[in-house]
Amino acid sequence: MKEERRIVVTGMGVVSPVGSTVESAWDNLLAGRSGIRRIGKFAEREYRCQIGGEVSGLDMDKYVSPKDQQRLDPFCHYALAAAQQAMDSAGLQPGTDIPPERIGALVSSGIGGLQTCTLQSQRLENLGQRMVSPLTVPQIIANMAAGHIAIRFHLQGPNFGLVSACATGLHAIGEAAWIIRRGDADAMLAGGAENSVIALAQAAFGAMRALTGSHNDDPEHASRPFDATRDGFVPGSGAGVLLLEELTHARRRGATILAEVSGYGATCDAHHITAPIEDGSGAARAIQVALNHAGLSPEAIGYVNAHGTSTPLNDLVETRALKLALGEHAYHTAISSTKSMTGHMLGAAGGFESVVCILALRNGVAPGTMNLATPDPNCDLDYLPNAARELPDLRHALKLNMGFGGHNAAVVFSRFED
């Protein structure tokens, strides 16, 4: 990125199956504690996958009024909670520390208000059109996460949502950084939110055979990225939001700088609506673009938080992509998938997992990949099996996400140095 417009992270917030504060989520990830549980309503209906990562430890009344809890879809609840945490941790006051027109929000969802869509479709079918809520459309559309955040904090700068399936949260962070880089804003809230542990999503992903169906009685061991016995992902819900800020602005107000966003890449496989291109070249190009923007060689990357969904094809393709992008250094890089504990939070994954990268940089330690008991011989990189690892010299971390439609996003986070 241009030296005169460096982008830093000054705030973070999370809602997740392993905790709904940054501190609790991090502690649980380092300890290898899973947030995946059996869901009674799915078991009763004999769904193929009867487990999921529901949000844990969230005091919703702290973030969303009882009235708005009824008027907003849960994905917006999660987005507001994570954004509030990010703003609180950054200590930024729009209108005091920054003009409202110089701060915006790019927070979205991979799917949007699927719970609202389900409930209102049932009302239409059972009760007729007059019983459909007039709030249905604003509850469904994915841009409303950013819209409600803007209203909450009176943000009048760039504000919208982008949708790239499971790459949504990371694309949002990268594009928000570019907005600041080109001078259209001095600060942006960026990330993703998702409410995916619901019946329609469970049935639809199950129909695709994308979900695991083999660990309903042992949910904590169901998400098995890079393991030879993996057979599908586990859905999860939550949010992850960063406050990005232009360096000079952050310094001027005395902000604590958590990390720097040093590179961003976005590419498309242009191959298939759900399957990644098998040689991994699309994701590899996203990584290479991010490294080029950061001015870094592959050898500079000390940790990768992988997309690592626990599906047979994705994990194999991601392994190939890392080898293509990082070359021989891929074999010497610490890599892990925290989806082994959270499940796959879809559009929220990139936001949440970016927080993990930043915490790894700040603490010199990375969470492990749980449930990696029988490594797939074709996924032969260092995936930190079953335990966190100290990385005291870590200076640069890579986050990679891939989404249906062939979308790839890569962001390099760096330890801040003058």
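No experiment lies behind these values; they were computed from the predicted model shown. (Residues numbered from 1 in each chain as written. Predicted model: local features only at pLDDT ≥ 70, side-chain atom pairs only at ≥ 80, totals over all residues. Heavy atoms only, no water.)

When you go through the chain residue by residue, the secondary structure sums to 14 helices and 14 strands. The C-alpha radius of gyration computed for the chain amounts to 20 Å, which stays within 12% of the reference 22 Å derived for 418 residues, consistent with globular compactness. Over its C-alpha atoms, taken along the principal directions, the chain stretches across nearly 60 × 55 × 40 Å. Taken across its 418 residues, the chain has 61% of its residues classed as buried. When the accessible surface of the chain is summed, it comes to about 15,500 Å², and 49% of that surface belongs to carbon and sulfur atoms. When the 33 basic and 42 acidic side-chain charges of the chain are each reduced to a single mean position, those positions are 4 Å apart. (Helix = DSSP H or I, 4+ residues; strand = E, 2+ residues; numbered from the N terminus. Rg over C-alpha atoms; globule rule 2.2 N^0.38 Å. Buried < 20%, exposed > 50% of the residue type's maximum accessible area, 1.4 Å probe, protein only. Areas by Shrake-Rupley, 256 points an atom, 1.4 Å probe, with all protein chains shown as cover. Lys, Arg positive; Asp, Glu negative; His and termini not counted. Charge placed at Lys NZ, Arg CZ, Asp CG, Glu CD.)

The next point concerns the sheet that holds strand S8 (residues 259-268). Strand order in the open sheet formed by ten strands is S5-S4-S6-S7-S1-S8-S14-S13-S9-S10, with mixed pairing between adjacent strands. In this open sheet, the two strands that pair with only one neighbour each are strand S5 (159-160) and strand S10 (334-336). Looking at chain direction, strand S4 (residues 103-108) and strand S6 (residues 187-194) are connected through six bridges and run parallel. Pairing of Ala 105 across the sheet is with Leu 189, part of S6. Where helix H4 (residues 74-90) meets the sheet, it contacts strand S1 (7-15), S4, S6 and strand S7 (238-246), and its direction lies at approximately 135° from that of S1. Set on the sheet, helix H14 (residues 349-363) makes contact with S1, S7, S8, strand S9 (303-305), strand S13 (396-403) and strand S14 (407-414); between it and S13 the angle comes to about 165°. (Pairing = 2+ DSSP bridges. Contact = heavy atoms within 4.5 Å. Axes fitted to C-alpha atoms, helices over the stretch in contact; angles between N-to-C directions.)

What follows covers helix H7 (residues 144-153). All of the buried residues in H7 are Ala 145, Ala 146, Gly 147, Ile 149, Ala 150 and Phe 153. Just downstream of H7, His 154 is the residue with a positive phi angle, here 60°.

Soluble, globular proteins show a tendency: their nonpolar side chains are buried together. The biggest cluster of nonpolar side chains holds 52 residues, and the ones touching the most others in it are Val 9, Met 12, Leu 242, Leu 244, Tyr 303 and Phe 413. Shared between two domains, this core takes at least three residues from each, and those domains are domain 1 (7-252) and domain 2 (265-414). If you look at the next biggest cluster of nonpolar residues, it comprises 33 residues, including Val 15, Ala 105, Ala 239 and Leu 243. (Core = buried A, V, L, I, M, F, W, Y, C linked by side-chain atoms within 4.5 Å. Domains from an automatic or database assignment.)

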